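Listed below, chain by chain, are the residues.
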Amino acid sequence: MNIATDIEFKENIDHYLKVIENGGEIVVTKNGKNIGKFIPETIYDENIEVTPEKPRKNFEEIMQALTGVLKSKEDYKTLKDRYLMEKYELAD
């Protein structure tokens, strides 16, 4: 995990975004306190072994795999949007 001050993060955002894209995590600090954590958008179980042949699945891949299995007739994008709205308690 990488730690960057808010100024370092802002000045080197391209570098830190590449770190995140490659599976890294960034903790951003301001005045010595953690203010945020950036992680790749993936859903995973830390107990599952991840290898180049068996990468972690992201939300879209999981929902596409469940299409037809889910009882709901909603497509995975609608389900993802609802999940994120509920997770972050956003109003419709």
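Each remark here, short or long, concerns the structure printed above.
What this report covers is the structure whose coordinates are included nearby. (Residues numbered from 1 in each chain as written. Predicted model: local features only at pLDDT ≥ 70, side-chain atom pairs only at ≥ 80, totals over all residues. Heavy atoms only, no water.)

Turning to unusual backbone geometry, a few remarks are in order. In the Ramachandran plot, Asn31 falls in the positive-phi region, its phi being about 55° despite a non-glycine side chain. Mapped onto the elements, Asn31 comes out in the loop between β2 (26-30) and β3 (33-38). (Helix = DSSP H or I, 4+ residues; strand = E, 2+ residues; numbered from the N terminus.)

On to the sheet that holds β2. Read from one edge of the open sheet, three strands run β1-β2-β3, paired in mixed fashion. Two strands close off the open sheet at either side, each with one partner strand: β1 (2-5) and β3. With strand direction ignored, the average angle separating the axes of adjacent strands in the sheet is 30°. Pairing of β1 with β2 involves four bridges; the strand directions are parallel. Directly across from Ala4, in β2, lies its bridge partner Val28. Those strands touched by helix α2 (residues 13-21) are β1, β2 and β3, and its axis lies near 145° from that of β2. (Pairing = 2+ DSSP bridges. Axes fitted to C-alpha atoms, helices over the stretch in contact; angles between N-to-C directions. Contact = heavy atoms within 4.5 Å.)

Ala4, Phe9, Tyr16, Val19, Ile20, Ile26 and Val28 form the largest nonpolar core, which has seven residues in total. At the level of elements, α2 and β2 are the ones that each hand at least two residues to this core. With three residues, the top contributor of residues to this core is α2. Residues in contact with Ile26, not counting those within four places in the same chain, are Asn2, Phe9, Tyr16, Val19, Ile20, Gly36, Lys37 and Phe38. (Core = buried A, V, L, I, M, F, W, Y, C linked by side-chain atoms within 4.5 Å. Buried < 20%, exposed > 50% of the residue type's maximum accessible area, 1.4 Å probe, protein only.)

This brings us to α2. Within α2 the residues assigned to the buried category are Tyr16, Val19 and Ile20. Down the axis, α2 shows its buried residues gathered within 100° of arc, on one side only. In α2, the exposed positions angled more than 90 degrees off the buried face are occupied by Asp14, Lys18 and Glu21. Close packing links the buried residues of α2 with β1, α1 (6-11), β2 and β3. Looking at the residues trailing α2, positive phi occurs at Gly23, about 95°. (Arc of directions from axis to C-beta.)

Moving on, we come to the side chain of Thr29. Take Thr29: it is sitting in strand β2. You can call Thr29 buried: its relative accessible area is 12%. Look past the residues within four positions of Thr29 in its chain and what remains in contact with it is Ile3, Ala4, Thr5, Asp6, Asn34 and Ile35.

What follows concerns the pattern of salt bridges. One pass over the full model with this rule turns up one salt bridge. Among the salt bridges present, the one from Lys37 reaches Glu25, with a minimum N-O distance of 3.4 Å. Here the residue Lys37 occupies a position in strand β3, and Glu25 occupies one in the loop between α2 and β2, the gap between them amounting to twelve residues. (Salt bridge = Lys/Arg side-chain N within 4 Å of Asp/Glu carboxyl O.)

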